[in-house]
Amino acid sequence: MTGAARLDTSRRSALPAARAWEASDPYAAALRSGHGPLFLRRTDGWLLPLEVERWCARADAVDLEVLDRCEGAVLDVGCGPGRLVAELAARGRTALGIDVSEAAVTRTVRLGGQSLRRSVFEPLPGEGRWDTVLLMDGNVGIGGDPRALLARVAALLAPGGLLIAETAPVDVDERAHVQLVGVTDAHARAAGSPFPWARIGTRALLRRAGAAGWRSAGQWTSGGRRFVALRSSRPASSSAEPPNSTAVISSQRARKPSADSPVTPA
């Protein structure tokens, strides 16, 4: 099987996994209320708490450090309730958030950011022209296959573009099937079918990224959170142009209005 075919297979398998977030009542409810509890529950019962309150608050000092490192036009993959996109917009930066959750996109737009309801494995505006891609808040686990996600991000970035990923706070490299649950009660109902997710620490991500041709651009810890910066090694194309803040949205809206238009506040 060719590399392109493998990536295409990974994309098809990741789409249902990403859409599991969209159908998740606990996730939507938590974002609408601004607080948890919310957990990822593995099939063996292990729970990973999700920091809903932090996600729904304004960008904190650690977030601002990350945003200060961003270059040019920024794509926030799995933007959640939009604190980072909104902060970038307030700075006058070209930025777009994508998330499969309607509640997340709605909240991002209400904060003043631009956002599309979309999976990273679906067609996106500005492909191959983004200067920075963000994978924050554990989103390096999207799809359950870091290798496929790194390949997809490389295709989204401009040559030499920057990926900033938040890694797990411990040395780990694991894949699991998880469900979203709103309470710790063992009898609580989770939303939707289990979907693949990954947890990966700094060392493992650097190893995987190096094998895929990425160049390390730094790593740091701040506020108990860990981050890795990587440079795309994709060769330059003379026809590439940077994404435009208006074209990023309007080009997709014209092609497929119902699915591609940003969700607007009610």
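All values reported here derive from a predicted model rather than from experimental measurement.

A.B. asks: I tried to follow the nonpolar core on my own but got confused; where do I start?
C.D. replies: Within soluble globular proteins, side chains that are nonpolar generally end up buried alongside one another. The biggest cluster of nonpolar side chains holds 46 residues, and the ones touching the most others in it are Leu75, Val120, Val133, Leu163 and Trp214. By residue number, the principal contributor to this core is helix H7 (residues 146–156), which donates five residues. Filtering out sequence-adjacent residues up to four positions away, Val120 remains in contact with Val77, Ile98, Ile142, Leu149, Arg152 and Leu156. Formed by 18 residues, the second largest nonpolar core is a distinct cluster that contains Cys70, Leu84, Leu88 and Phe227.

A.B. asks: Help me understand the packing of aromatic side chains, please; the structure alone is not making it clear to me.
C.D. replies: Describing an aromatic ring pair means giving the distance of the ring centres and the angle of the ring planes. Considering all chains together, one arrives at two aromatic pairs under this definition. Measuring from ring centre to ring centre gives 6.3 Å for Phe195 and Trp197, while their planes differ by 90°; the resulting arrangement is edge-to-face. Overall, Phe195 belongs to the buried group, its relative accessible area being 2%. Between the aromatic rings of Trp220 and Phe227, the centroid separation amounts to 5.4 Å while the plane-to-plane angle is 20°, which identifies the pairing as stacked. Across the pair, exposure class does not vary: Trp220 and Phe227 are buried alike. Across from the ring centre of Trp220, 3.6 Å away, lies the NZ or CZ of Arg69, which sits over that ring.

A.B. asks: What is the right way to look at the packing of helix H4 (residues 61–69) against helix H5 (residues 83–90) in this model?
C.D. replies: In a pair of packed helices, the angle between the axes and the distance between the axes together describe the arrangement. In contact at an axis separation of 11 Å, H4 and H5 are set at 55° when each is read in the N-to-C sense. Here H4 is positioned oblique relative to H5, judged by the angle of their axes. Crossing of H4 over H5 shows right-handed handedness. Packed against H4, whose contacting residues are Asp63, Leu64 and Leu67, the element H5 presents Arg83, Leu84, Glu87 and Leu88 at the interface. A class-by-class count of the residues in the contact of H4 with H5 yields four nonpolar, no polar and three charged.

A.B. asks: Would you mind going over the pattern of salt bridges with me for this structure?
C.D. replies: Side-chain pairing between opposite charges can occur once the charged atoms of the two side chains come close. The tally for this structure, following the rule as stated, stands at 20 salt bridges. Two residues, Asp60 and Arg225, come together in a salt bridge whose shortest N-O distance is 3.7 Å. You can see Asp60 sitting in the loop between helix H3 (52–56) and H4 and its partner Arg225 sitting in strand E11 (residues 225–231), a full 165 residues away along the chain. Taking relative accessible area as the criterion, Arg225 reaches 8% and is therefore assigned buried. We note a salt bridge from Arg231 to Glu71, for which the minimum N-O separation is 2.6 Å. Here Glu71 lies in the loop between H4 and strand E3 (74–77) and Arg231 lies in strand E11, a separation of 160 residues in the sequence. You can call Glu71 partly exposed: its relative accessible area is 30%. Here the salt bridges share partners, and the residues they tie into one network are Glu51, Arg54, Asp60, Asp63, Arg83, Asp137, Glu166 and Arg225.

A.B. asks: Explain the pairing of strand E4 (residues 95–99) here, please?
C.D. replies: Two faces belong to every sheet, and in a regular strand the side chains alternate between them. Counting buried residues along E4, five of its five residues qualify, which places the element largely inside the surrounding structure. Neither face of E4 is left uncovered, since the one carrying Ala95, Gly97 and Asp99 and the one carrying Leu96 and Ile98 both have all their residues buried. One ladder, built from four bridges, connects E3 with E4; its direction is parallel. Note on E4: the bridge partner recorded for Leu75 is Leu96. As a crossover connection, the stretch from E3 through H5 into E4 is right-handed. Taken together, the three bridges between E4 and strand E5 (residues 115–117) define a ladder with parallel strand orientation. In the sheet register, Gly97 faces E5, and the bridge partner there is Ser115.

Conventions we followed
- Residues numbered from 1 in each chain as written.
- Predicted model: local features only at pLDDT ≥ 70, side-chain atom pairs only at ≥ 80, totals over all residues.
- Heavy atoms only, no water.
- Core = buried A, V, L, I, M, F, W, Y, C linked by side-chain atoms within 4.5 Å.
- Buried < 20%, exposed > 50% of the residue type's maximum accessible area, 1.4 Å probe, protein only.
- Helix = DSSP H or I, 4+ residues; strand = E, 2+ residues; numbered from the N terminus.
- Contact = heavy atoms within 4.5 Å.
- Phe/Tyr/Trp six-rings, centres within 6.5 Å; stacked < 30°, edge-to-face > 60°.
- Lys NZ or Arg CZ within 6 Å of the ring centre and 35° of its normal.
- Axes fitted to C-alpha atoms, helices over the stretch in contact; angles between N-to-C directions.
- Parallel < 35°, antiparallel > 145°, perpendicular 65-115°, else oblique.
- Left-handed = near helix turned anticlockwise from the far one by under 90°.
- Nonpolar A, V, L, I, M, F, W, Y, C, P; charged D, E, K, R; others polar.
- Salt bridge = Lys/Arg side-chain N within 4 Å of Asp/Glu carboxyl O.
- Pairing = 2+ DSSP bridges.
- Right-handed = clockwise from strand over helix to strand, strands pointing away.

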